[in-house]
Amino acid sequence: MNGKYFVPPDDNPQEFKVLFQRLTAVGAGRSVDPDGLPQGPWTPDLLAEAITAIDANRKGIELRTVQLWFQDNRKGVSPENVRWLARIFGCDDPEATGDWQRELRASLNLLAENRRAARVQGRARVETGEEPITTPAEYVRLADRPRKTHRRGLAGWSERIFGLGGPLNLPASIFAGATALQFAAFFIGNHSITYVRADGIEKQVGFHWATNWTFLFMLFLPLFVIFAGDLVSFWRSRGRAALLPDVEPSNATEGWVERVRRSSATFWAVLLICIVFAGLMQWIGARMLPLRAGVDEDDIDWASVALVRPDNVTIPEAVMFSGLAYFYMAVCFYLMFAGLILLYTLADDFWANAKRGVRPTRLQSDVARRILNGLLRCSISGMFVAICMTLQNRFLPSDAIHVWAWLFGDIASLWRGSPPIPSEVGYGFNAHYISLIIALPTCAVMIYGVVRVGIPTGQNAVSFRMAAALLVIVAAYLMIGAFPGFTVLLAVAALVGIYGMIDPGYGISGTRKASEGRRV
């Protein structure tokens, strides 16, 4: 309504403090973002500024007065300020403002009645020696408030780097690390290097040509981190509080942090696997020992090319550079799996808190839609990570000079009727083994998110398009090198995935138009 998030008055009268906390937590009366959601909850500063900006309010309002409204006390609101609050919650609509003015007055009357009743009960409890009674609203706030702890741990640290800080801090760090590796490869000379196989085929195996070290770490993994960080930050600051209107926003955030801390063992297990096994042990077994022995049974790539081109890259240089690259890879993959754990926890937290709601609300559907959009973006970028890994593994045993010649040769085999570029190794799922470690958790988190969050009202068509798009991408990933012309399917998947990261609704944007009449 008027470009602002409108919450209609409820027929069920509530005490002023409960009503005020619910409205400020969901951001009633605040401007909406492109997704139709409010730009966050009200704070004392923002609400005081909005009231002062009302043209009819010539006196303005003191910040201290607004701060008293947010505090857990028994103070009410003056009749003049009720008028300004009604203007805010009514989104400057005359009819809605009048409705909210009546609702706020009724809530203040109920506050006064409860205050008088509390004084009478308090005197009676003092005389009889009974314990004070906790009201239902206070019970909800206390139930959601976790025990305070100063221990952050690995889980808390991982959540903070995704949910707090600037949105580009983490992806920029990943990109900077990949760029540093590119420069290091250039300095030692294996950035662009060819060798001639025993059968006379020339192969380009430079570090700059490897899709699993260029596109993966410089494009798709940073995109995954951006999408995951945006969704975690939204849930931490706005989404969870919107589902818990009776809980203070700070307590809602603490409840989320506490839920993440319960997964501490999972974070430590993933860190151990990524650093020790995927990083250190794999580097020792696949790089250091073969390079030191002078024999590599696998296909030559950017690290083992020192065995056949010692005039360009020495063995010690290859050992040191590969160790640095594998350590960077282990850290990056831990960050990706940490993001998947957080997305899993987010979907589970949504399900747990949605059950506490009195009834399904439009705001709950909006939050669910925002979560599903974020999960789809993360799944697409995660699958592109797996595709980059598989492309490089499938290219190495082929007879193409580089990966792009392999892909263009596959397309040319359809246009010209010529046979595709042969490969020493036939198609098999063993080539997908390493990338499956990325693809399977990525798809599992998306499926779990759909099950837990559910399909928002009126989003069946959008959900069908999301599922179809993800199936196309998964099919393209599994069919790399399986048949002549697989590159066409891969190109279609790339277009579908890029469009999905830009517009997860795939052209259905009716929900944005419906935001004019937003209801809770």
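Residues numbered from 1 in each chain as written. Predicted model: local features only at pLDDT ≥ 70, side-chain atom pairs only at ≥ 80, totals over all residues. Heavy atoms only, no water.

Colleague: Is there a simple way to explain the overall build of the protein in this structure?
Modeller: A count of helices and strands for the protein gives 18 helices and two strands. Carbon and sulfur atoms make up 61% of the accessible area of the protein, which amounts to about 24800 Å² in all. (Helix = DSSP H or I, 4+ residues; strand = E, 2+ residues; numbered from the N terminus. Areas by Shrake-Rupley, 256 points an atom, 1.4 Å probe, with all protein chains shown as cover.)

Colleague: Where do I start with the packing of helix α7 (residues 153-163) against helix α12 (residues 315-354) in this structure?
Modeller: Two quantities define a packed helix pair, namely the angle between the helix axes and the distance between the axes. Between α7 and α12, the shortest axis-to-axis distance is 10 Å and the interhelical angle comes to 90 degrees. With respect to their mutual orientation, α7 and α12 come out roughly perpendicular. Contacts between α7 and α12 involve Leu 154, Trp 157, Ser 158, Glu 159, Ile 161 and Phe 162 from the former and Tyr 334, Leu 335, Ala 338, Gly 339 and Leu 342 from the latter. Residue composition of the contact of α7 with α12, by class: eight nonpolar, two polar and one charged. (Axes fitted to C-alpha atoms, helices over the stretch in contact; angles between N-to-C directions. Parallel < 35°, antiparallel > 145°, perpendicular 65-115°, else oblique. Contact = heavy atoms within 4.5 Å. Nonpolar A, V, L, I, M, F, W, Y, C, P; charged D, E, K, R; others polar.)

Colleague: Even after reading the chapter, I still don't get the pattern of salt bridges, so can you show me in this structure?
Modeller: Charged atoms that come close allow side chains of opposite charge to pair. Scanning the entire structure with this criterion turns up 15 salt bridges. Residue Arg 197 is joined to Asp 399 by a salt bridge in which the shortest nitrogen-to-oxygen separation is 2.6 Å. Residue Arg 197 is found in the loop between β1 (194-196) and β2 (202-204), and its partner Asp 399 is found in the loop between α13 (362-395) and α14 (403-415); the two are separated by 202 residues along the sequence. Given a relative accessible area of 24%, Asp 399 falls into the partly exposed group. Each of Arg 240, Arg 259, Asp 348, Asp 349 and Arg 452 takes part in one network of salt bridges that share partners. (Salt bridge = Lys/Arg side-chain N within 4 Å of Asp/Glu carboxyl O. Buried < 20%, exposed > 50% of the residue type's maximum accessible area, 1.4 Å probe, protein only.)

Colleague: Is there a simple way to explain the nonpolar core in this structure?
Modeller: One broad trend across soluble globular proteins is that nonpolar side chains are buried collectively. In this structure, Leu 85, Phe 89, Trp 213, Phe 217 and Phe 333 are the most contacted members of the largest nonpolar core, which totals 142 residues. Per-element tally for this core: the top contributor is α12, with 21 residues. For Phe 333, the residues in contact, after removing those within four places along its chain, are Leu 216, Phe 217, Cys 274, Val 385, Met 389 and Ile 438. (Core = buried A, V, L, I, M, F, W, Y, C linked by side-chain atoms within 4.5 Å.)

Colleague: How should α12 be read in this particular structure?
Modeller: An α-helix turns once per 3.6 residues; consequently, residues spaced three or four apart project the same way. Taking 1.5 Å of rise per residue, the 40 residues of α12 would be expected to cover 58 Å, and the 58 Å separating its terminal C-alpha atoms lies within 8% of that figure. Burial of α12 is extensive: 30 of the 40 residues sit out of reach of the surface. (Expected span 1.5 Å × (residues − 1).)

Colleague: Can you help me understand a positive patch on the surface in this one?
Modeller: Together, Arg 64, Lys 75, Arg 115 and Arg 116 give the surface a local cluster of positive charge. Turning to its location among the elements, Arg 115 is positioned in helix α5 (residues 94-128). Take Arg 115: its relative accessible area is 30%, and that puts it in the partly exposed class. (Patch = residues over 30% accessible without salt bridge, like charges linked within 9 Å, V, L, I, M, F, W, Y side chains within 5 Å. Lys, Arg positive; Asp, Glu negative; His and termini not counted. Charge placed at Lys NZ, Arg CZ, Asp CG, Glu CD.)

Colleague: Honestly, the confidence of the model for the protein in this entry has me stumped. Any pointers?
Modeller: Predicted coordinates in regions of low pLDDT should not be interpreted in detail. Averaged over all residues, the pLDDT of the protein is 84; the fraction at 70 or higher stands at 85%. Considering only residues more than four positions removed or in separate chains, one finds that residues 510-520, a stretch of pLDDT under 50, has 30 contacts. (pLDDT = per-residue confidence, 0-100.)

Colleague: I'm lost on the packing of α12 against α13 in this one. Help?
Modeller: Packing of α12 against α13 leaves a shortest axis separation of 12 Å and a crossing angle of 155 degrees. In terms of orientation, α12 lies roughly antiparallel with respect to α13. For the pair α12 and α13, the sense of crossing is left-handed. Of the residues in α13, those in contact with Phe 333, Met 336, Leu 343, Leu 346, Phe 350 and Ala 354 of α12 are Gln 364, Val 367, Ala 368, Ile 371, Leu 375, Cys 378, Gly 382, Val 385 and Met 389. A breakdown of the residues in the contact of α12 with α13 according to their chemical character gives 13 nonpolar, two polar and no charged. (Left-handed = near helix turned anticlockwise from the far one by under 90°.)

Colleague: What should I look at first to understand a nonpolar patch on the surface in this one?
Modeller: Taken together, the side chains of Trp 209, Phe 215, Leu 219, Trp 404 and Phe 408 present a nonpolar region at the surface, about 480 Å² in accessible area. Residue assignment for the nonpolar patch shows that the elements contributing at least two residues are α9 (215-243) and α14. Tracing the sequence through the fold places Leu 219 in helix α9. Residue classification places Leu 219 among the partly exposed residues on the basis of a relative accessible area of 36%.

Colleague: Honestly, the packing of aromatic side chains in this entry has me stumped. Any pointers?
Modeller: The geometry of an aromatic ring pair comes down to the distance between the two centres and the angle between the two planes. One pass over the full model with this rule turns up 21 aromatic pairs. Ring plane angle 20 degrees and centroid distance 4.3 Å describe the contact between Tyr 344 and Tyr 448, whose orientation is recorded as stacked. Of this pair, Tyr 344 sits in helix α12 while Tyr 448 sits in helix α15 (residues 433-453), placing them 104 residues apart in sequence. Grouped by ring-pair contacts, the aromatic residues Phe 207, Trp 213, Phe 217, Trp 302, Phe 321, Tyr 326, Tyr 328 and Phe 333 constitute a single cluster. Above the plane of the ring of Phe 395 lies Lys 203, whose end atom (NZ or CZ) is 3.9 Å from the centre. Taking the ring centre of Trp 302 as reference, the NZ or CZ of Arg 287 above it sits at 5.4 Å. (Phe/Tyr/Trp six-rings, centres within 6.5 Å; stacked < 30°, edge-to-face > 60°. Lys NZ or Arg CZ within 6 Å of the ring centre and 35° of its normal.)

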